[in-house]
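# Breakdown of the fold
Each chain is listed here by its residues.
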Amino acid sequence: MNLTQPIPKTFDEMVATMLRCQQTQGQSVYQHGQSVCTHFFDIVDHIKGLHKLDSHWKIPDWISDYGESLVENLHDENTIRQYTLYHDCGKPYCRVVDDAGAVHFPDHVEVSKHIWGCVGGDKVVGNLIGEDM
């Protein structure tokens, strides 16, 4: 595992680093996690019949067949919220820019699971992070 910066000593330090690291144009790694979390629970609420999704969503056909079963078998909400928010927490620690200026996050899944464990993150969430890809 090649890290491009020191391992955070605290959870707050990890979050601050996620906020400073750009994942895509105009979006930090932390903001990406917020977006994933929000969108994930929008889908869950849609499956539960709590609200309809906006028209920009493209819902796969299998959601109507398997959605309820998937929702019933999820981990508890807090675990899923942590997972979706912090699933890329290691990206700032493996971020590299190639000669053409393109940004890459090599082995970010492995690095994310490692960083999560280093800051004392929940082991179940860490295992989900490790299975992210």
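Just above sits the structure.
The text that follows walks through the structure, step by step, so that each part is easy to find. (Residues numbered from 1 in each chain as written. Predicted model: local features only at pLDDT ≥ 70, side-chain atom pairs only at ≥ 80, totals over all residues. Heavy atoms only, no water.)

## Here we look at the overall build of the chain
The number of helices and strands found in the chain is seven helices and four strands. Ordered by position from N to C terminus, the α and β elements of the chain give α-β-β-α-α-α-α-β-β-α-α. Taking the principal axes of its C-alpha atoms as reference, the chain extends roughly 45 × 35 × 20 Å. Out of the 133 residues in the chain, the part that is buried amounts to 36%. Partitioning the contacts of the chain with sequence separation of at least 6, the portion at a separation of at least 24 is 59%. Summed over its atoms, the accessible surface of the chain is roughly 8,400 Å², and 50% of this surface lies on carbon and sulfur atoms. Computing the positive centroid from 10 side-chain charges and the negative centroid from 19, the chain places the two 5 Å apart. (Helix = DSSP H or I, 4+ residues; strand = E, 2+ residues; numbered from the N terminus. Buried < 20%, exposed > 50% of the residue type's maximum accessible area, 1.4 Å probe, protein only. Contact = heavy atoms within 4.5 Å. Areas by Shrake-Rupley, 256 points an atom, 1.4 Å probe, with all protein chains shown as cover. Lys, Arg positive; Asp, Glu negative; His and termini not counted. Charge placed at Lys NZ, Arg CZ, Asp CG, Glu CD.)

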